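Here are the chains, one letter per residue:
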Amino acid sequence: MRYAVVSDVHSNIDALDAVFDSIRDDDALLCLGDIVGYGPNPNECVEKIRARATATVLGNHDVAAIDNFGLAYFNPAAREAMKWTQSVLTPENLAWLDGLGYEFRMPDFLLVHGAPVNFFEYILDKAAAARAFAATDAPLIFIGHTHIAEVYSLNPDGTIEHAHLQQGGEIPLRESVRYLINVGSVGQPRDLNPRASFGVYDSAARTVTIHRVDYPIARVQAKIVSAHLPDALARRLLVGR
Ligand code: ZN
């Protein structure tokens with residue numbers, strides 16, 4: 001079985017289309033949330049994910065769109081974009097988001113937006129990764145949220161290894177080792193590589209591969225400007241931060 005794993009699409013339909021163009025028709029699609037927020041095409045992104053995904057979990061921006069959750073803690077640009085998102089999302093798309101859960105578990109993997117149990121925690125170091133491994137028995141945990149593609153692995157002796165994946169790359173899954181894999185962000189990468197990021201989990205080959213693909217950034221920037229969303233949200237796409 002092959003699964004394409006996407007996260008943090010953030011209303012960037014051009015980046016999502018580029019990702020869909022580079023996955024196979026028979027790949028199952030798993031989505032780790034934050035479909036909306038920041039970008040200019042929330043409805044298009046929700047509709048594409050609705051139509052294609054096998055499983056989707058909620059991100060904090062999705063919950064904010066539904067009921068203002070956490071909005072007080074958003075930075076001004078994020079808050080302004082969320083108010084705009086709420087004003088354009090259709091009732092059908094909002095209702096679909098509202099029906100999503102916070103986690104999705106299969107025998108071999110777990111999907112959450114930020115971290116197991118504490119769903120919107122930011123995993124930024126080995127200590128946070130250790131807490132995440134302790135909070136679940138899933139052998140493979142897929143996360144997004146920080147918009148940084150990276151992997152933490154927990155060895156049988158309790159040691160944790162870490163690697164960045166901002167240029168993509170293949171992770172061979174070793175026996176008796178557990179993995180916490182951040183697939184990066186489709187629509188707003190923040191690891192200084194502006195190309196859209198996603199993962200492919202091949203359960204037969206026992207690999208997870210992070211891919212980075214180009215998309216027409218200037219087109220998205222123009223849409224952000226014409227929707228009167230904050231300029232900073234357009235600028236950051238080009239630098240990937
Ligand atoms: Zn996000």
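Higher on the page you've got the structure.
Q: An account of the packing of helix 2 (residues 42-52) against helix 5 (residues 91-98) is needed here, citing residue identities and associated values.
A: At a closest axis distance of 10 Å, the pairing of helix 2 and helix 5 adopts a crossing angle of 55°. By the angle between their axes, helix 2 is oblique relative to helix 5. As for how helix 2 packs across helix 5, the hand of that crossing is left-handed. Along the contact surface, helix 2 presents Asn-43, Val-46, Glu-47, Ile-49 and Arg-50, while helix 5 presents Glu-92, Asn-93, Trp-96 and Leu-97. Across the contact of helix 2 with helix 5, the residue classes break down as four nonpolar, two polar and three charged.

Q: Give me the nonpolar core: which residues, what numbers.
A: When a protein is soluble and globular, its nonpolar side chains tend to lie buried together. Formed by 62 residues in total, the largest nonpolar core has its most connected members in Val-19, Ile-49, Ile-123 and Leu-180. With six residues, helix 1 (residues 13-21) is the single largest residue contributor to this core. With sequence-adjacent residues up to four places away left out, Ile-123 is seen in contact with Gly-114, Ala-115, Ala-128, Ala-129, Ala-132, Ile-143, Thr-146, Glu-150, Tyr-152 and Leu-180. Within the second largest apolar cluster, 23 residues are counted, among which are Tyr-3, Leu-30, Ala-149 and Tyr-179.

Q: Any chance you could break down the sheet that holds strand 8 (residues 160-164) for me, citing the residues and the numbers?
A: In space, the six strands of this open sheet follow the order 4-5-6-10-7-8, with mixed pairing throughout. Edge positions in the sheet fall to strand 4 (103-106) and strand 8, since each of these pairs with one other strand and no more. Going across the sheet, the axis of each strand differs from the next one's by a mean of 15°, ignoring polarity. By the bridge criterion, four bridges tie strand 4 to strand 5 (residues 109-112) in an arrangement that is antiparallel. Bridge pairing in strand 5 places Phe-104 opposite Leu-111. Helix 6 (residues 126-134) rests against strand 6 (140-143), strand 7 (150-154), strand 8 and strand 10 (178-182) of the sheet, and its axis sits at about 120° to strand 8.

Here is what the cut-offs are and how they apply
Residues numbered from 1 in each chain as written. Predicted model: local features only at pLDDT ≥ 70, side-chain atom pairs only at ≥ 80, totals over all residues. Heavy atoms only, no water. Axes fitted to C-alpha atoms, helices over the stretch in contact; angles between N-to-C directions. Helix = DSSP H or I, 4+ residues; strand = E, 2+ residues; numbered from the N terminus. Parallel < 35°, antiparallel > 145°, perpendicular 65-115°, else oblique. Left-handed = near helix turned anticlockwise from the far one by under 90°. Contact = heavy atoms within 4.5 Å. Nonpolar A, V, L, I, M, F, W, Y, C, P; charged D, E, K, R; others polar. Core = buried A, V, L, I, M, F, W, Y, C linked by side-chain atoms within 4.5 Å. Buried < 20%, exposed > 50% of the residue type's maximum accessible area, 1.4 Å probe, protein only. Pairing = 2+ DSSP bridges.

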